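So the chains spell out like this:
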Amino acid sequence: MKKLMIGNAAIARGAYEAGATVATAYPGTPSTEIVDSFSQYEGVYAEWSPNEKVALEVGAGASIAGARTLVAMKHVGVNVAADPLYSFSYTGVNGGLVLVSADDPGLHSSQNEQDNRGYGRFAKMPVIEPSDSQEALDYTKLAFDLSEQFDTMVMLRITMRLAHSQTMVKTGQKREIPLKDYKKNASKYVMLPGFAKRRHAEVEKSFEQLREYAETTPLNRVEMNDTSMGIITSGVPYQYVKEAFPDASILKLGLVNPLPKQLIKTFADQVDKLVVVEELEPVIEEQVRSWGIEVIGKEQFTLLGEYSSEFLLQQLSGIPMPQGFNLDQEIPARPPLLCAGCPHRGVFHVLRKMRLVVAGDIGCYTLGAIAPLEGMDSCICMGASIGTAMGMEKARGPEFAAKTVAVIGDSTFVHSGITGLIDVVYNGGTSTILILDNDTTAMTGHQDHPGTGVTITKQPTNKLDIEALVRAIGVKNLRVVDPLQINELEKVLKEELARREPSVIICARPCVLLPGTSKPDHKIYVDNELCNGCKSCIRIGCTGVTFLEEEKKAQINGGCIACGLCEQVCKFDAIKRTEV
Amino acid sequence: MQDKVTNIFIVGVGGQGTLLTSRIIAQVAVQMDFDVKVSEIHGMAQRGGSVVSQVRYGKKVYSPIIKKGDADIILAFEKIEAARWLDYLKPDGMVIINNERVNPLPVMSGKEKYPDTIHEKIAGLLPKTVIIDATAIASQCGNVRAANVVLVGILTAAIGIPAEEVEKAITAIVPAQALQVNLAAFREGLAAGA
Ligand SMILES: Cc1ncc(C[n+]2csc(CCOP(=O)(O)OP(=O)(O)O)c2C)c(N)n1
């Protein structure tokens, strides 16, 4: 049967049809739906791992034990998993292992736009790139076969446009693949120097075989047409090329590492002008150049962002982008923002009011960095907040630490904040760390994590006790507050910042978007007699309050969920509640 | 079957239901045996940001995204979002605008002004502009959240796809408890667009 599927669902389907029985992931846009949708198939095991390193390690174990295994993460997740990746690439597999890296050219939902095809080159790992959902399904299945045939994990590299585009897919039957036998084989799976040395040689040998395979694999195909221009491309950019240059000859690469040198040389000889169309890094282009083949590449395009058909037409044919319509009107920007009633808003209001230096982290709360809250000084990667605050203290001394906090979400704390906290305690830091515990991984669409006590399939499980964990690390000063009780939060913050010891303040209140979050009975309104238009309530940046320019009054609008934050910040008692 | 690809560009504010709308339109195209591609935005922008989803259907569709200046129709759930994405419209394309104002943060905070007559400006510039109070119609049908299917009704009338196919798609996609309201809202939109 044919149906529409997003790329991520097609990958899950492909893994299921290939007989994969184990899948692991840590959520991250644009990869999240892969293992989430795999988890809905019968007879498989899927988990949200605490982070990507654990996800790949569990995947490696499942593979060594003989199961076909799918591991998925966003591009920056592969950095977290890079340590096991670079050694698991030596041991090779038993059951096939496919690692999906979901890259994000254009930074739709990410902190950088790194190109993970580079991992394939460094780790001597085959990299496969589909260009629509059908290929996502088919290539995933093939990737499992290749993984076992060449004894290596395979990277399936996708981008946001593949992950979140729906295209037609014909699904197939699930293959019954029995577990491979498990036999102890220390010289293959124990990476001591002596064993690893031999494995390295094996990896190089099988990579040479992969080079030969690349020349003939059905993953690469030539579409010979008008020979005045030949384009080498892969992934979604292939679709942009077909749209922009329907008559051009194309070498479409499905296997982008290793490259088919001979196939490329032959193709180059057949066309007058050779062009490489690839988003982000010149991975294909530089290799082709290194073989002495003349090629048009990044000098004509860009290292930045996503491509499109009209961009290619402009860069290659000089057809200018359409000018559009002149409305002669400024359109106000519409940045994403914290929801009305979001518990994070209380925290950032207080941090701004106290003029603290804020070492931030990644999650919905990173939106606290933008106007009007503007309550964040740094945000590097997941888990970085605590280490960053520690570094600031060690550079500038404890007085600086007395006006510095680290802010980190619950999912992020479990992902990679714990070791930072251990460092603070071990090396005598005095940081104050706020864990924003909203009982979910909100940013990526409300996935569960060890601290929620629920699994990926919504089964109840052991719940990580974050308080006990923090105490066990050696933090003596632990406070739990409601982040929407801002006077209390401010008081607690002052007390803990004054201490020359590490403190953790858990700001506990569930995300307002979680089903079952209790909604207050009362309504909030503005008493126009008392409102003097001071805009204090506007500066919390809530979608539930509007400022009426003409009347110079605040107004509560339909977006309000009566969290009471504006009521607390109003100095004139003009914001009130009705009992319903 | 027509060779030409039809491009529908759907814009709105994160949380307004653009995703569901694109899925309904795509489902109709699937039922009619077209090749279909849909591009969606998930993640960060859904937190109240400006969002876009794109549906393309025809005999054969390559790119999942619509070229600038190549959309046959822009379906806008909110007034300034219609204006923000207007560059994607064909010179003789059609804009369907929900007469709904959702203030973005710079407006709420009084930093910027909301151009409240922007839809009229668009109508002045583009003869094929339809402005509709989809939210009010949806509310009469029993749920403001059905405003998106009111717009689907207008669209159905505008591009002349069979209404039965759209009702079939709505039935397939909308959760059962919301179906009656959605079908009613769709029919109101269809009538308004006729
Ligand atoms: C290494 C890595 N993995 C995944 C992500 C995607 N991501 C960004 S923030 C986040 C977690 C957010 O959860 P939490 O810390 O609980 O904050 P919340 O969004 O709930 O406020 C995730 C999964 C990322 N940016 N980097």
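Residues numbered from 1 in each chain as written. Chains lettered and ligands numbered in written order. Predicted model: local features only at pLDDT ≥ 70, side-chain atom pairs only at ≥ 80, totals over all residues. Heavy atoms only, no water.

Each helix and strand counted, chain A has 21 helices and 22 strands in total. A compact globule built from 580 residues would reach a C-alpha radius of gyration of about 25 Å, and chain A, at 27 Å, matches this within 12%. Projected onto its principal axes, the C-alpha positions of chain A cover 80 × 65 × 50 Å. The buried share of chain A, taken over its 580 residues, is 59%. (Helix = DSSP H or I, 4+ residues; strand = E, 2+ residues; numbered from the N terminus. Rg over C-alpha atoms; globule rule 2.2 N^0.38 Å. Buried < 20%, exposed > 50% of the residue type's maximum accessible area, 1.4 Å probe, protein only.)

Moving on, we get to the side chain of Ser147 of chain A. As for its position among the elements, Ser147 of chain A is in helix α7 (residues 133–149). The contacts of Ser147 of chain A, once residues within four sequence positions are left out, are Val93, Gly96, Leu97, Thr152, Met153 and Val154 of chain A. (Contact = heavy atoms within 4.5 Å.)

Taken together, the contact pairs 59 residues of chain A with 57 residues of chain B. Across the chain A/chain B interface, buried area totals approximately 4,800 Å², and carbon plus sulfur atoms make up 62% of it. It is Phe325, Leu327 and Arg334 of chain A that lose the most area in chain A upon contact with chain B, and together they represent 19% of the buried surface on that side. For the pair chain A and chain B, the number of links is 3 salt bridges. Of the charged contacts, one joins Arg334 of chain A and Glu81 of chain B as a salt bridge, the two residues approaching to 2.5 Å between their closest N and O atoms. Our enumeration of links across chain A and chain B arrives at 18 residue pairs in polar contact (both at pLDDT 80 or more). The set of elements that each furnish at least two residues to the side of chain A that touches chain B consists of β1 (2–6), α8 (160–163), β8 (165–170), α11 (237–244), α14 (309–317) and β20 (545–548) of chain A. (Buried area = accessible area lost by both parts, 1.4 Å probe. Salt bridge = Lys/Arg side-chain N within 4 Å of Asp/Glu carboxyl O. Polar contact = N/O pair within 3.5 Å; in protein donor to acceptor, adjacent residues only side chain to side chain.)

Residue and element names in this part refer to chain A. The assigned domain composition of chain A is domain 1 (2–216), domain 2 (220–317), domain 3 (343–508) and domain 4 (522–579). If you look at the interface, domain 3 gives 10 residues, while domain 4 gives 10 residues. Of all residues in domain 3, Arg345, Leu484 and Ile486 give up the largest surface area on contact with domain 4, accounting jointly for 58% of the area buried on that side. Run the count over domain 3 and domain 4 and you get 0 salt bridges. In this assembly, domain 3 and domain 4 are joined by 5 residue pairs in polar contact (both at pLDDT 80 or more). At the level of secondary structure, the elements contributing two or more residues to the side of domain 3 that touches domain 4 comprise α15 (343–353) and α20 (486–498). Along the lines of polarity and charge, the residues of the side of domain 3 that touches domain 4 split into 4 nonpolar, 4 polar and 2 charged. (Domains from an automatic or database assignment. Nonpolar A, V, L, I, M, F, W, Y, C, P; charged D, E, K, R; others polar.)

Below, the discussion takes up helix α6 (residues 147–159) of chain B. A turn of α-helix holds 3.6 residues, and therefore any two residues three or four places apart point the same way. Residues and elements named next belong to chain B. If you check α6, its first and last C-alpha atoms are 19 Å apart, about what 13 residues at 1.5 Å a residue would give, namely 18 Å. With respect to burial, α6 is a largely interior element, 10 of its 13 residues being buried. Buried within α6 are the following residues: Ala147, Asn148, Val149, Val150, Leu151, Val152, Gly153, Ile154, Leu155 and Thr156. (Expected span 1.5 Å × (residues − 1).)

Attention now moves to the site of the ligand. Residues and elements named next belong to chain A. Around the ligand sit 26 residues, and of these Glu52, His344, Cys364, Asp410 and Thr412 come closest. In the environment of the ligand, an oxygen atom lies 2.6 Å from a nitrogen or oxygen atom belonging to the side chain of Asp410. With respect to the ligand, the side chain of Thr412 contributes an N or O atom lying 2.5 Å from an oxygen atom. Starting from 590 Å² of accessible surface for the ligand in isolation, the protein chains cover 98%. Element by element, the count of residues in the shell around the ligand is highest for helix α18 (residues 410–426), at 4 residues. Here the shell around the ligand is composed, by residue class, of 10 nonpolar, 13 polar and 3 charged. (Near = heavy atom within 4 Å. Areas by Shrake-Rupley, 256 points an atom, 1.4 Å probe, with all protein chains shown as cover.)

Moving on to the packing of helix α3 (residues 52–64) of chain A against helix α5 (residues 82–91) of chain A. Residue and element names in this part refer to chain A. Running from N to C, α3 and α5 cross one another at 25°; their axes reach a closest spacing of 8 Å. As the angle between them shows, α3 and α5 are arranged roughly parallel. The two elements α3 and α5 meet at a crossing, and its hand is left-handed. Along the contact surface, α3 presents Lys53, Leu56, Glu57, Ala60, Ser63 and Ile64, while α5 presents Pro84, Leu85 and Phe88. Per-class residue counts for the contact of α3 with α5 are 6 nonpolar, 1 polar and 2 charged. (Axes fitted to C-alpha atoms, helices over the stretch in contact; angles between N-to-C directions. Parallel < 35°, antiparallel > 145°, perpendicular 65-115°, else oblique. Left-handed = near helix turned anticlockwise from the far one by under 90°.)

This part covers the state of the cysteines. By definition, a disulfide links the sulfur atoms of two cysteine residues through a covalent bond. Residue and element names in this part refer to chain A. This structure, assessed with the given rule, holds 0 disulfides over all chains. In this structure Cys339 is not part of a disulfide, and its nearest cysteine sulfur, from Cys342, lies 6.2 Å away. Not part of a disulfide, Cys566 finds its nearest cysteine sulfur in Cys560, a span of 6.0 Å. Taking the relative accessible area as the measure of exposure, Cys566 reaches 7% and is therefore buried. (Disulfide = S-S within 2.5 Å.)

Looking now at the pattern of salt bridges. According to the stated counting rule, one finds 48 salt bridges over all chains in the structure shown. As a salt-bridge pair, Asp103 of chain A and Arg157 of chain A come within 2.8 Å of each other at their nearest N and O atoms. Residue Asp103 of chain A is located in strand β5 (residues 97–103), and its partner Arg157 of chain A is located in strand β7 (residues 154–159); the two are separated by 54 residues in the primary sequence. We classify Arg157 of chain A as buried; its relative accessible area is 3%. Across the pair Arg334 of chain A and Glu78 of chain B runs a salt bridge, and its minimum N-O distance is 3.1 Å. Taken together, the residues Arg334 of chain A in the loop between α14 and α15 and Glu78 of chain B in the loop between β4 (71–76) and α2 (79–84) connect one chain to another. Here the two residues Arg334 of chain A and Glu78 of chain B agree in accessibility, since each one is buried. Linked through salt bridges whose partners overlap, the residues forming this network are Asp103, Asp115, Arg117, Glu129, Arg157 and Glu278 of chain A.

Residues and elements named next belong to chain B. Orientation of helix α1 (residues 18–31) relative to α6, taken along the N-to-C sense of each, is 35°, at an axis distance of 10 Å. The handedness of the crossing between α1 and α6 is right-handed. Contact residues: α1 offers Leu20, Thr21, Ile24 and Ile25, while α6 offers Asn148, Val149, Val152 and Leu155. Its residues placed into classes, the contact of α1 with α6 shows 6 nonpolar, 2 polar and no charged.

All names here are of chain B. The buried fraction of strand β3 (residues 50–58) amounts to 9 of the 9 residues, a majority that puts the element mostly inside the structure. Where burial is concerned, the two faces of β3 agree: the one with Ser50, Val52, Gln54, Arg56 and Gly58 and the one with Val51, Ser53, Val55 and Tyr57 are both buried. In terms of strand pairing, strand β1 (residues 6–13) meets β3 through 8 bridges, oriented antiparallel. Paired with Asn7 across the bridge in β3 is Arg56. In the sheet, strand β2 (residues 35–39) pairs with β3 via 5 bridges, with the strands oriented antiparallel. Following the sheet pairing, Asp35 is matched in β3 by Gly58. (Pairing = 2+ DSSP bridges.)

Right, let's get into the environment of Ala163 of chain A. Residues and elements named next belong to chain A. By the secondary structure assignment, Ala163 is in helix α8. Residues Ala163 and Lys197 lie 34 residues apart in sequence; the distance between their C-alpha atoms is 38 Å. Ignoring any residue separated from it by four or fewer positions in sequence, one finds Ala163 in contact with Ile6, Gly7, Asn8, Pro30 and Ile158.

What follows concerns the nonpolar core. Residues and elements named next belong to chain A. Leu351, Leu434 and Leu493 are the most contacted members of the largest nonpolar core, which totals 63 residues. The biggest single contributor to this core is α20, with 5 residues. Counting only domains with at least three residues in this core, you end up with domain 3 (343–508) and domain 4 (522–579). Apart from residues no more than four positions distant in its own chain, Leu351 is found in contact with Leu356, Val358, Val405, Val407, Leu434 and Leu493. In terms of nonpolar packing, the next biggest core, distinct from the first, is built from 62 residues, Ala12, Trp48, Leu137 and Leu219 among them. (Core = buried A, V, L, I, M, F, W, Y, C linked by side-chain atoms within 4.5 Å.)

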